[in-house]
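Now for the letters of each chain:
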Amino acid sequence: YNVFLNEADEWSRRLLTELGEWALELHRPISESTVGLARSLTESSASVGFRTLSEMARALEQALQRVQLQVPGSPEDAQVFVDAAEDMRRLLHQFAAGFLKTPDQTLLDALKAIGKTDFPVAPLKLLHA
């Protein structure tokens, strides 16, 4: 339990930092480490039975993977991601204090919507030899 809390707290802190930095530089793609942090939170929270955090982290992971292919990113998506990371930290801190809270449903719905968005694919330019 304490190992989970320590690791999840560190991962959520780093996730929030990376998302905040990306939000300032939307011309860059979302890094693989950011997606990996969301994945770590998904898996570790599921393993200890913290389903609400696992669901939020999974929705974030899927949305990040979808947006990762889009450059530049949108300020709206960036704000949803940062808000979701902050909500996940809130959930963790409440959990550590002995309270099992639910994620912000509006944020969860926004993440799921982003994760299902079909973004246009830029045509590949063929190189002529």
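Here's a quick rundown of the structure. Everything quoted here is computed from the prediction, not taken from an experiment. (Residues numbered from 1 in each chain as written. Predicted model: local features only at pLDDT ≥ 70, side-chain atom pairs only at ≥ 80, totals over all residues. Heavy atoms only, no water.)

The next subject is unusual backbone geometry. Each neighbour pair has its own omega, and for Val71 with Pro72 the value is 0°, a cis peptide bond. Along the chain, Pro72 falls in the loop between helix H3 (51-68) and helix H4 (75-96). (Helix = DSSP H or I, 4+ residues; strand = E, 2+ residues; numbered from the N terminus.)

Look at helix H1 (residues 2-24) against H3: their axes get within 14 Å of each other, and the N-to-C directions meet at 30°. Put simply, H1 runs roughly parallel to H3. As for how H1 packs across H3, the hand of that crossing is left-handed. Of the residues in H3, those touching H1 at Phe4, Leu15, Leu19 and Trp22 are Leu53, Leu60, Leu64 and Val67. When the residues that make up the contact of H1 with H3 are grouped by side-chain class, the tally is 8 nonpolar, no polar and no charged. (Axes fitted to C-alpha atoms, helices over the stretch in contact; angles between N-to-C directions. Parallel < 35°, antiparallel > 145°, perpendicular 65-115°, else oblique. Left-handed = near helix turned anticlockwise from the far one by under 90°. Contact = heavy atoms within 4.5 Å. Nonpolar A, V, L, I, M, F, W, Y, C, P; charged D, E, K, R; others polar.)

As a further point, take the pattern of salt bridges. Under the definition given, this model contains 8 salt bridges. A salt bridge links Glu61 to Arg39; the shortest N-O distance between them is 2.9 Å. Of this pair, Glu61 sits in helix H3 while Arg39 is found in helix H2 (residues 32-47), placing the two residues 22 residues apart along the sequence. A residue is classified by how much of its surface remains accessible, and Glu61, at 3% relative accessible area, is buried. Among the residues examined, Arg39 registers a relative accessible area of 27% and is labelled partly exposed. Residue Arg66 is joined to Asp118 by a salt bridge in which the shortest nitrogen-to-oxygen separation is 3.9 Å. With a gap of 52 residues between them, Arg66 in helix H3 and Asp118 in the segment after helix H5 (105-116) connect regions that are remote in the sequence. Within the structure, one salt-bridge network assembled from shared partners comprises Arg39, Arg58 and Glu61. (Salt bridge = Lys/Arg side-chain N within 4 Å of Asp/Glu carboxyl O. Buried < 20%, exposed > 50% of the residue type's maximum accessible area, 1.4 Å probe, protein only.)

Over its 16 residues, H2 runs 22 Å from end to end, which matches the ideal 22 Å to within 8%, given 1.5 Å per residue. Along H2, the residues that are buried comprise Thr34, Val35, Leu37, Ala38, Leu41, Thr42, Ser44 and Ser45. Check the buried side of H2 and you find it contacts H1, H3 and H4. Phi turns positive, to about 85°, at Gly49, one or two residues after H2. (Expected span 1.5 Å × (residues − 1).)

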